[in-house]
Amino acid sequence: MRKKELSLEERRELRKARAQRKKKFSFVKVLVAVLVLALVGVGVYFFSQGGMISSPGQAEPVYYTPAQYVGGVSLKNTYYLTTIDGLKSVNITGKDVAHDVNATISPFIRAMKEPTYLTSDKTILAYDISGTTALLFDESGIIAPLSFDKEIIRADMNAKGQFVVILHEDGSKAAVKVYNEYGNELYTWYSGTGYVVDAKINPKTDMMAVLTNDVSGGGITSKMLYFRMDAEEPVRGQVIGDNMGISVSYTDRYTLILCTNGLYLMTDDGELSLIMQLSDRKLKFFDRFTDGSVLLCFENTATESYYCEVYDKKGRKTESFTVDSFLKIADISKDRFLVYKRKEILSISKSGKILDSELMEFEIKSANYFRNKIAVIGQERMIIR
């Protein structure tokens, strides 16, 4: 059966109807595309506000009026910076965040002469060296303010958030106060005749190692003391030797003790061994990677460089390498460390490979790893690269 042939007028009407349908469909496609782009834009805005994504280029410089002490620390998606107003925090793009939280924390920071920051996986401890106050906080705000009747010598915090505060004490060379991750005091130990040099809480065993130096008859004797978290007195103690203790690293079943004559390893069974002798080598820098291994940098004045060695938590030398001289180790993580010269910042792997090197327009005061970037602090501005 043959189709009925359309008249000229009917064909015109049909073409007109098709054109209108196409126009309407194109408009709907454009409208949907605009809505999708708008939703994506809103999502990007909120994620970038929280620092969960970063722009491919360099973040905007952060300018501020510095305090007498310039320093900072990173926790998750936020970088905290000491300024004359107290505490300033920015995300990975350099944008100010958490104004309300900072408003509650800043009065405590402003009252400190030299606020020093320690971090765990979830919290920050700010304490005032030679002052009498400390503050435990996180991204949500203050967890616990701490006040002491004696000056703080130093403090230490582990990955779980447990921490110790070492204080000057009348009638004793020092007092070691132990706190859980919520800022609740567990107990206090008085060192008596021993000067407390360092103290570490083992996050896996909840044991604490305390290094002391005892002065008697003109000589110095270094000692290691071990505490259970539920006992006020040491459960074990051992003399290291007739030399001065400097620092301790305590991980799993192993304790690495740095003394003036070298590096010692002590196991939980009480076995003690000298694994590295300093002899006539001049130790310039010492720091701990977060996995428990240690970094030692020795000065080589002839070549203006440092010879570096890495020892794992079992006391085995795993790496040795040479790097150009630098001013300070600014930060250290599990497998890399950050150093700076006057106007240059370098990130170096545990094996000695230079991972990143940046020249700054300003003199560097401090620096920290901040997620996959580096926050470099000058006298009045910070650059996140």
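Because the structure is a prediction, the values reported are computed rather than measured.

Our next topic: the overall build of the chain. Along the backbone of the chain there are 2 helices and 31 strands. Taken across its 385 residues, the chain has 48% of its residues classed as buried. For the chain, the share of sequence-separated contacts (at least 6 apart) that also reach a separation of at least 24 residues comes to 38%. Surface exposure of the chain reaches about 20100 Å², of which carbon and sulfur atoms provide 52%.

Okay, the nonpolar core next. L295, F326 and F337 are the most contacted members of the largest nonpolar core, which has 16 residues in total. Secondary-structure elements contributing two or more residues to this core are β22 (294-300), β23 (305-311), β24 (317-324), β25 (328-332), β26 (336-340) and β27 (344-349). Ignoring any residue separated from it by four or fewer positions in sequence, one finds L295 in contact with F285, F286, D287, F289, C308, E309, V310, F321, I329, I332 and F337. One finds A174, Y187, I201 and F227 within the second-largest nonpolar core, a separate group that totals 15 residues.

So, on to the environment of S106. Here S106 lies in helix α2 (residues 99-110). Of the residues examined, S106 reaches a relative accessible area of 6% and is grouped as buried. In the structure, S106 is positioned 22 residues away from I84 in sequence and 9.5 Å away in space, judged by C-alpha atoms. Excluding residues within four positions of it along the chain, S106 makes contact with D85, G86 and L87. Looking at S106, its side chain comes within polar contact range of the main-chain oxygen of N102, at 2.8 Å.

Topologically, D356 is positioned in strand β28 (residues 354-359). Taking the C-alpha atoms as reference, D356 lies 8.0 Å from I345; in sequence the two are 11 residues apart. Residue contacts for D356: discarding those within four places in its chain leaves I345, L346, S347 and I374.

Let us look at the sheet that holds strand β10 (residues 163-169). The strand order across the open sheet formed by 4 strands is β9-β10-β11-β12, and the pairing between neighbours is antiparallel. At either end of the open sheet lies a strand with only one pairing partner, and these are β9 (152-157) and β12 (185-190). Taken pair by pair, the neighbouring strands of this sheet meet at an average axis angle of 15 degrees, ignoring direction. The pairing of strand β11 (residues 172-179) with β12 spans 5 bridges and is antiparallel. Within β12, the residue paired with V178 across the bridge is Y187.

The 3 strands are arranged β2-β3-β4 in an open sheet whose pairing can be described as antiparallel. The sheet is open, and its two edges are formed by β2 (72-75) and β4 (86-90), each paired on a single side. Averaged over all pairs of adjacent strands, the angle between strand axes in this sheet comes to 25 degrees, irrespective of strand direction. Here 4 bridges tie β2 to strand β3 (residues 78-83), and the two strands are oriented antiparallel to one another. By the bridge assignment, G72 is partnered in β3 with L81. Of the strands in this sheet, β3 and β4 touch α2, which is tilted by about 135 degrees from β4.

Another aspect to go through is the confidence of the model for the chain. Within the chain, residue pLDDT values average 87, and 85% of them lie at 70 or more. Counting interchain partners and residues more than four positions distant, the pLDDT-below-50 stretch residues 27-56 has 25 contacts.

Time to look at the layout of surface pockets. Roughly 160 Å³ of internal volume is contained in the second largest pocket. As for the second largest pocket, its lining consists of Y64, T65, T83, I84, D85, L87, K88, S89, D96, V97, H99 and N102. Going through the elements one at a time, β4 and α2 are the ones with two or more residues in the lining of the second largest pocket. Each residue belonging to the lining of the second largest pocket can be placed in one class, and the counts come to 4 nonpolar, 5 polar and 3 charged.

Considering all chains together, one arrives at 24 salt bridges under this definition. Between D149 and K150 there is a salt bridge; the shortest N-O distance is 4.0 Å. Note on D149: relative accessible area 63%, which makes it exposed. Between D170 and K150 there is a salt bridge, with its nearest N and O atoms 3.5 Å apart. Taken together, the positions of D170 in the loop between β10 and β11 and K150 in the loop between β8 (141-147) and β9 put the pair 20 residues apart, joining distant regions of the chain.

On the secondary structure map, D156 appears in strand β9. For D156, the side chain forms a polar contact with the side chain of K200, separated by 3.3 Å. Not counting residues up to four positions away in its chain, the partners in contact with D156 are L118, Q162, F163, V164, A199 and K200.

All right, on to the packing of aromatic side chains then. For the structure on display, the rule yields 10 aromatic pairs. Aromatic pair Y80 and F137: ring centres 5.7 Å apart, planes at 75 degrees, arrangement edge-to-face. Note that Y80 is positioned in strand β3 and F137 in strand β7 (residues 133-138), a separation of 57 residues in sequence. Each of the two residues, Y80 as well as F137, counts as buried. Look at W189 and F227: their rings are 5.0 Å apart centre to centre, the planes differ by 65 degrees, and that puts the pair in the edge-to-face class. Here W189, found in strand β12, pairs with F227, found in strand β15 (residues 219-228); they are 38 residues apart in sequence, far enough to count as distant. Overall, W189 belongs to the buried group, its relative accessible area being 7%. Here the aromatic cluster, defined as three or more aromatic residues joined through ring pairs, consists of F285, Y306 and F326.

Thresholds applied
- Residues numbered from 1 in each chain as written.
- Predicted model: local features only at pLDDT ≥ 70, side-chain atom pairs only at ≥ 80, totals over all residues.
- Heavy atoms only, no water.
- Helix = DSSP H or I, 4+ residues; strand = E, 2+ residues; numbered from the N terminus.
- Buried < 20%, exposed > 50% of the residue type's maximum accessible area, 1.4 Å probe, protein only.
- Contact = heavy atoms within 4.5 Å.
- Areas by Shrake-Rupley, 256 points an atom, 1.4 Å probe, with all protein chains shown as cover.
- Core = buried A, V, L, I, M, F, W, Y, C linked by side-chain atoms within 4.5 Å.
- Polar contact = N/O pair within 3.5 Å; in protein donor to acceptor, adjacent residues only side chain to side chain.
- Pairing = 2+ DSSP bridges.
- Axes fitted to C-alpha atoms, helices over the stretch in contact; angles between N-to-C directions.
- pLDDT = per-residue confidence, 0-100.
- 1 Å grid on protein atoms, 1.4 Å probe; cavity = no way out; pocket = protein on both sides within 12 Å on 5 of 7 lines; lining within 4 Å.
- Points joined across faces, edges and corners; volume = space filled by probe spheres on them.
- Nonpolar A, V, L, I, M, F, W, Y, C, P; charged D, E, K, R; others polar.
- Salt bridge = Lys/Arg side-chain N within 4 Å of Asp/Glu carboxyl O.
- Phe/Tyr/Trp six-rings, centres within 6.5 Å; stacked < 30°, edge-to-face > 60°.

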